[in-house]
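Fold and geometry: a report
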Amino acid sequence: MGREHDPIRGQWYENLEDDDLFQVLSVDEDAELIEIQYVDGDIEEIDYDTWQELDLEPTDEPEGWAGSDDDLEEDEEDDDEDDDDDWDDDEDDDEDDDDDWDEDDRYGDRDDY
């Protein structure tokens with residue numbers, strides 16, 4: 001039976017049975033899935049039952065690891081992009097309003113043309 005460690009996003013773990021190192025990329029509590037990335041870059045999803053069976057020990061990020069910050073930043077950027085999408089929707093509404101202008105509007109209220 002594995003040691004009881006809750007999966008924590010961004011935390012590195014060592015699987016003591018096979019000496020694999022991996023980082024938790026995401027935890028989906030609703031679907032009971034944990035996305036992990038191994039040192040070699042492979043990404044895998046495991047369920048909570050599998051997680052509980054693993055003999056894990058929290059560990060430090062491996063030296064020279066370059067992928068961890070990028071993956072977490074991508075997730076954060078995705079969240080930011082979702083916010084941008086909301087803004088873009090408003091912008092699209094404004095573009096629809098632009099279809100109603102006629103060419104005379106480009107001169108404004110000028111009477112001297």
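The present account deals with the structure reproduced in this document. Everything numeric here is computed off the predicted structure, so don't read it as measured data.

For the rest of this paragraph, the subject is the side chain of Asn15. Its location among the elements puts Asn15 in strand β1 (residues 12-15). A relative accessible area of 7% means that Asn15 is categorised as buried. Within the structure, the side chain of Asn15 is placed 3.3 Å from the side chain of Asp18, a separation counted as a polar contact. Residue contacts for Asn15: discarding those within four places in its chain leaves Asp20, Phe22, Leu54, Asp55 and Leu56.

So, on to the packing of aromatic side chains. Under the defined criterion, the tally for this structure stands at 4 aromatic pairs. Between Phe22 and Trp51, the ring centres sit 6.0 Å apart and the planes meet at 80°, which makes this aromatic pair edge-to-face. Taken together, the residues span a long stretch of sequence, with Phe22 in strand β2 (residues 20-28) and Trp51 in helix α1 (residues 48-53) at a distance of 29 residues. Since its relative accessible area comes to 1%, Trp51 is described here as buried. Among the aromatic residues, those joined into a ring-pair cluster are Tyr13, Phe22, Tyr38 and Trp51.

With that settled, consider the side chain of Gln23. Summarising the element assignment, Gln23 is placed in strand β2. At 3.3 Å, the side chain of Gln23 forms a polar contact with the backbone oxygen of Gly10.

Looking at chain direction, β1 and β2 are connected through 4 bridges and run antiparallel. Looking across to β2, one finds that Asn15 is bridged to Asp20.

Reading the values: the criteria
Residues numbered from 1 in each chain as written. Predicted model: local features only at pLDDT ≥ 70, side-chain atom pairs only at ≥ 80, totals over all residues. Heavy atoms only, no water. Helix = DSSP H or I, 4+ residues; strand = E, 2+ residues; numbered from the N terminus. Buried < 20%, exposed > 50% of the residue type's maximum accessible area, 1.4 Å probe, protein only. Polar contact = N/O pair within 3.5 Å; in protein donor to acceptor, adjacent residues only side chain to side chain. Contact = heavy atoms within 4.5 Å. Phe/Tyr/Trp six-rings, centres within 6.5 Å; stacked < 30°, edge-to-face > 60°. Pairing = 2+ DSSP bridges.

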